Protein chains: 2
Amino acid sequence: MTDGLQCVAERALSRSLSNLNFKLHASKDQRTMLEAILTESRAATGAEAGSLYVAWNGKLKFVAAQNDRMNASDIDHLLLGEEIPISMESLVGFVTLTGQAMNIPDTHRLPEGTPFRISRRLDTRTGYSADSILAIPLRCPNGERIGALELFNHRELDGRQSPFGDEAIDAVTTLASTAAIALHNAHLQQHLREAHLDTILCLSTVAEYRDADTSQHVQRVSRCSELVAEALGHNADDVELIRYASPMHDVGKVAIPDAILLKPGRLTADQRKVMERHAQIGAEILGNSDDPILAVARGIALCHHERWDGQGYPRGLKDLAIPMHARIVGLVDVFDAVVSHRCYKEACTLDTALAILQEDSGKHFDPDVIRAFLSVLPEVLKSYPALKAA
Amino acid sequence: MTDGLQCVAERALSRSLSNLNFKLHASKDQRTMLEAILTESRAATGAEAGSLYVAWNGKLKFVAAQNDRMNASDIDHLLLGEEIPISMESLVGFVTLTGQAMNIPDTHRLPEGTPFRISRRLDTRTGYSADSILAIPLRCPNGERIGALELFNHRELDGRQSPFGDEAIDAVTTLASTAAIALHNAHLQQHLREAHLDTILCLSTVAEYRDADTSQHVQRVSRCSELVAEALGHNADDVELIRYASPMHDVGKVAIPDAILLKPGRLTADQRKVMERHAQIGAEILGNSDDPILAVARGIALCHHERWDGQGYPRGLKDLAIPMHARIVGLVDVFDAVVSHRCYKEACTLDTALAILQEDSGKHFDPDVIRAFLSVLPEVLKSYPALKAA
């Protein structure tokens, strides 16, 4: 018994689900908005170029840059991700730290006693020289300063270059605070999204603890379900959903007594009935949240033992009445069980497993899901290194 | 065995943790910002009053309102939460649906063929009459319109009332899109926060399934921990944290075999060692997230069996080295166990329970936590109706 626990505890230590490579959505909306703010700020002030910087881990990072003299991909390539220390020695650092807007009419002649220098490092790299600069702090509604907006090289309507007028500061202050709000919110949203996914990961980890023979099972089911969803033409968001949601398909097993869950031999009819309740209980645990991950996970937990021909459980749903995600996980789950060694059976060979799936196409399984599964089989088999050798 | 499962499944059906009354933070920052946007919009246009409306469940809702002629609490009382149908028949509905800003110089003389009417319903209620109105759609960066900004009664510098000029529309368009971004983000954040709390609730529900005798246990521990934290002077955020985090204190029990977890008699020394691993395993399940709820829950799971005198497990931490939240939950958990009937023991009376706690003050328990617990005892006992009768 202690050994069983040992094994179970080692699973937790490996925290294997982190291998699922949970990724965060970068918000396209936020990016679009920052570009729009830069465009509007340049239009309002007649600036040839502009950059937005945001403070992050003690550095100022470029988050958007535009330049009429350079093409966009060069800018992204040369500047995005660049970092500047937050110190009084750079102009953006000074503006961020003091909260003071600065109008530099001629970067080549800074007044005596100016605390910062104009770095030429990036000018050298881009081949673009900033002669006049307007730098505005990004200020949140609570007064916090989270970065700076820099505008470069004021152009008159006739194209001549001249210093920025001080009225330009007013013209972009509201735009700068809009950028500050957007960035602040992006930050908050990222934290919340991470917190949510971290909690999903905890729940997936719990689900591993009661799974019969292996912690790798939920990882493989997650990875293979994702592959099948992709092959079926699901979009990227939906593929991500099934990746996060599928590891919880057996969470209802927390409620199944060891004597049944871990029984080496065949279950009696009564025991099987008890065992089958894990589908319903899993759905109950996953609650009635509107959250897309939990909602998909609930459908999978409830319906991953339904069969295409209506002979499954708990509700005997038939073909398209079974949620698509559950049809995918149902197939992948059976494949994994068939090719795995379990306490009550030996592992089958790949050929036998495929024969079983084919035989059950249109009976146990959705034929479309089988076809999709077979189309990604080489990729699927990467999760089963031992199987290839067999 | 089937009966045991039955009982466990009923717990899930009751989904009792929803009684914990999870609540959402209303964002103070968002509110402050909407007020600031209204203030700036009024200043930029010389408007005596203004309101922000946002579309929500098919209605337009007031989310902020200001009026120089009324005091703020009257405005909140009379207007906040008011709803207007989203239809072409109201000015805000028209502006929201068409995305077209409207300048109404005289609300008492709308041009022939105007599709909307100016409702006097709220004027009647507030005693304030809007003679000129400027209405601007709230437009997100993606073009979506999510509500409207209305400004009322333009005042000249000398105080005379006159219509808004059309240049006022330009003056507030950027402010209106700032408001749109803020509201859109508030909405996204609320969704993400709900998703996170829903998932925390799932995890708490899982924790209930393996708990020895009662699903009410985690609810009582949560409620009483919250009361003790309050009595210790913790701030509202921290009290909320312990409410959400404490139900997961025994989640590590998912890894303990039934034969030990559900054993009616005393555990052997070896069995006790296995049982004690639930603290460490619980912390491992809860991962290494930065999320405050999960971080606090991890500390509680790991340390709720530590003792003030250093004789606890798993690490033998002493007094202040034990996280405060774990000291609170540790006490509340023992109190709950002592006064509850368990499969291996009868419930103690309240007097006996209190004597045990007092006796263990400074040994098992933090004396400050005991004092705080006793100071809220009447409130604590509301979670133990049977105990009062005993």
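Each value, and the rule that gives it
- Numbering of residues starts from 1 in each chain and follows the order in which that chain's sequence is written.
- Working convention: letters from A go to chains and numbers from 1 go to ligands, in the order in which they are written.
- Selection of residues for local features in this predicted model requires a pLDDT of at least 70, selection of side-chain atom pairs for listing and counting requires 80 or more, and totals for whole chains, interfaces and linings are taken over all residues.
- Residue burial is a threshold on neighbouring C-beta atoms within 10 Å of the residue's own C-beta, all placed from the backbone, with 20 or more meaning buried, 12 or fewer meaning exposed, and counts in between meaning partly exposed.
- Working definition: helices are DSSP H or I runs of at least four residues, strands are E runs of at least two. Numbering for both runs from the N terminus.
- A pair of strands counts as paired when DSSP detects no fewer than two bridges linking them.
- Note that the arc is computed from the directions linking the helix axis to the C-beta atoms.
- Contact definition: two residues whose C-beta atoms, as placed from backbone geometry, lie within 7 Å.
- Where each domain starts and ends comes from a domain assignment, either automatic or drawn from a database.
- All axes are obtained by fitting lines to C-alpha atoms, using only the stretch in contact for helices, and the reported angles, taken between N-to-C directions, cover 0 to 180 degrees.
- Think of a nonpolar core as buried Ala, Val, Leu, Ile, Met, Phe, Trp, Tyr and Cys residues chained together by C-beta atoms that fall within 7 Å.
- For this overlay, a least-squares fit was computed on C-alpha atoms, restricted to residues scoring pLDDT of at least 70 in both copies.

1. As for the pairing of strand β1 (residues 47–56) of chain A
All names here are of chain A. Counting buried positions along β1 gives 9 out of 10 residues, so the element sits mostly inside the fold. Here β1 runs beside strand β2 (residues 59–67); their pairing, made up of 8 bridges, is antiparallel. For V54, the partnering residue across the bridge sits in β2 and is K61. Between the antiparallel neighbours β1 and β2 lie 2 residues, among them N57 with a positive phi of about 50 degrees.

2. So, helix α14 (residues 367–375) of chain A
All names here are of chain A. Among all positions of α14, only V369, I370, A372 and F373 are buried. The buried side chains of α14 occupy one side of the element, clustering within an arc of 165 degrees when seen end-on. Of the surrounding elements, those touching the buried residues of α14 are α7 (216–231), α12 (324–339), α13 (350–360) and α15 (377–381).

3. Side note on the domain arrangement of chain A
When cut into domains, chain A gives domain 1 (28–189) and domain 2 (210–389). Inter-centroid distance (C-alpha atoms) of domain 1 of chain A to domain 2 of chain A is 52 Å.

4. Concerning the environment of S246 of chain B
Residues and elements named next belong to chain B. Looking at the element boundaries, S246 is found in the loop between α8 (236–245) and α9 (258–261). Put simply, S246 and V296 are 50 residues apart on the chain and 8.3 Å apart in space, counted from C-alpha to C-alpha. Ignoring any residue separated from it by four or fewer positions in sequence, one finds S246 in contact with V221, S222, S225, I300 and V329.

5. As for the sheet that holds strand β4 (residues 102–104) of chain B
Residues and elements named next belong to chain B. With antiparallel pairing, 6 strands are arranged side by side in an open sheet as β3-β2-β1-β6-β5-β4. In this open sheet, the two strands that pair with only one neighbour each are β3 (83–85) and β4. In this sheet, adjacent strand axes meet at a mean angle of 25 degrees when their direction is disregarded. Packing of helix α4 (residues 91–98) onto the sheet brings it into contact with β1 (47–56), β2 (59–67), β3, β4, β5 (133–139) and β6 (145–154), and relative to β5 it is tilted by some 40 degrees.

6. Focus on the environment of L192 of chain A
Residue and element names in this part refer to chain A. Relative to the assigned elements, L192 resides in helix α6 (residues 167–209). Among the residues examined, L192 registers 20 C-beta atoms within 10 Å and is labelled buried. In sequence terms L192 and T173 are 19 residues apart; their C-alpha atoms lie 29 Å from each other.

7. Remarks on the nonpolar core
In terms of nonpolar packing, the biggest core is built from 119 residues, with V206 and V228 of chain A together with V206 and V228 of chain B touching the most fellow members. In this view, V228 of chain A contacts I328, V332, V369, A372, F373 and V376 of chain A; residues no more than four positions away in its chain are not counted. Judged by nonpolar contacts, the second largest core, of 92 residues, contains M33 and I86 of chain A together with L60 and V172 of chain B.

8. Observations concerning the relation of the copies chain B and chain A
Rotating chain B by 180 degrees and translating it 0.0 Å along the rotation axis places it on chain A, where the RMSD comes to 0.2 Å. Overall, the copies show the geometry of a two-fold rotation axis. For chain B, the residue whose C-alpha comes nearest the rotation axis is H196 of chain B, separated from it by 2.2 Å. In this assembly, 100% of the residues forming the interface of chain B have copies in chain A that are likewise at the interface, indicating an isologous arrangement.

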